[in-house]
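Now for the letters of each chain:
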Amino acid sequence: MKLKTKEADVVSAINEYLIILEKQGKIIFMRNNTGAVISEYKGKKRMWRVGKKGWSDFILWKPVHFAIGINTTFSFLRSYFLEVKSSSGKLLGDQLAFEQQVQRLGGKYYVVRSVEEVKQILL
C-alpha cells in the first residue's frame, strides 16, 4: 500500500528548503497564501481577503550572472512561480489562468510535487 502525501506536508517541506536557500543567500522567496480572515472589533465582524486567487504557492527570485566580454558581468533576478500539488492534484480554473498569464509574459511557472523537483528546477 502506497501512502499518500498531503499537499500541506509538501508545502511545508518546500518552505523549509527555500528558507535554507534564502539564509545561504542563494534566493529570495515568499510564501503566497490566499483566503480570508474574520475578525471582530467593538462588536462588528469584518472579513479580510488575503492573497490573490489563483496565484502560485511560492514566488521566488534567483540571481543569474553571466560574463559579457572580459571585464563585464551582466546580472538579473529570474522569477519562478511554484504551485504545489499532491501526487494526484491538478490545477484549477484560476490557477490555470495564472499559469497561462505567467507563461505569456515569459515567466517560469512550475507545478511541483516534492522538494526534489524544486531542487532540479533551481539547479
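These numbers come from a predicted model, not from an experiment. (Residues numbered from 1 in each chain as written. Predicted model: local features only at pLDDT ≥ 70, side-chain atom pairs only at ≥ 80, totals over all residues. Heavy atoms only, no water.)

1. Focus: the nonpolar core
By size, the foremost hydrophobic cluster in this structure holds 16 residues, and its most contacted members are I14, L18, F58, L60, V84, V118 and L122. The set of elements that each furnish at least two residues to this core consists of α1 (7-23), β4 (58-68), β5 (72-84) and α3 (115-122). A total of six residues in this core trace back to one element, the largest contributor, which is α1. Setting aside residues no more than four positions away along its own chain, V84 makes contact with E7, V10, V11, I14, D57, F58 and V112. With six residues, the next largest nonpolar core counts I59, L91, F98 and Y109 among its residues. (Core = buried A, V, L, I, M, F, W, Y, C linked by side-chain atoms within 4.5 Å. Buried < 20%, exposed > 50% of the residue type's maximum accessible area, 1.4 Å probe, protein only. Helix = DSSP H or I, 4+ residues; strand = E, 2+ residues; numbered from the N terminus. Contact = heavy atoms within 4.5 Å.)

2. A look at the pattern of salt bridges
Evaluation of the coordinates by the stated rule reveals four salt bridges. Residues K53 and D94 are paired through a salt bridge, measuring 3.7 Å at the closest nitrogen-oxygen approach. You can see K53 sitting in the loop between β3 (44-50) and β4 and its partner D94 sitting in helix α2 (residues 93-104), a full 41 residues away along the chain. Using a relative accessible area of 38% as the deciding quantity, one classes D94 as partly exposed. Of the charged contacts in the structure, one is a salt bridge between K85 and E83, with a shortest N-O distance of 3.9 Å. Taken as a pair, K85 and E83 share a single burial class, namely buried. (Salt bridge = Lys/Arg side-chain N within 4 Å of Asp/Glu carboxyl O.)

3. A closer look at the sheet that holds strand β6 (residues 108-112)
With mixed pairing, the four strands of this open sheet are ordered in space as β1-β4-β5-β6. Each of the sheet's edge strands pairs with one partner strand only, and the pair in question is β1 (28-31) and β6. Between one strand axis and the next, the sheet turns through 25° on average, direction left out of account. Bridge analysis of β4 against β5 gives 11 bridges, and the strand direction is antiparallel. If you follow H65 over to β5, its bridge partner there is S75. Sheet strands touched by α2: β5 and β6. Its angle to β6, the strand with the most contacts, is close to 145°. Contacts between α3 and the sheet are confined to β4, β5 and β6, with β6 contributing the most and set at about 155° to the helix. (Pairing = 2+ DSSP bridges. Axes fitted to C-alpha atoms, helices over the stretch in contact; angles between N-to-C directions.)

4. Structural notes on the side chain of K85
Mapped onto the fold, K85 is located in the loop between β5 and α2. We classify K85 as buried; its relative accessible area is 6%. In terms of polar contacts, K85 uses its side chain to reach the backbone carbonyl oxygen of K90, at 3.5 Å. Once residues within four sequence positions are removed from consideration, K85 is found in contact with E7, K90, L91, Q95, V111, V112 and R113. (Polar contact = N/O pair within 3.5 Å; in protein donor to acceptor, adjacent residues only side chain to side chain.)

5. Some thoughts on the confidence of the model for the protein chain
Looking at the protein chain as a whole, its pLDDT mean stands at 92, while 98% of the residues score no less than 70. Per-element averaging of pLDDT across the protein chain places β3 at the bottom with 87 and β6 at the top with 98. (pLDDT = per-residue confidence, 0-100.)

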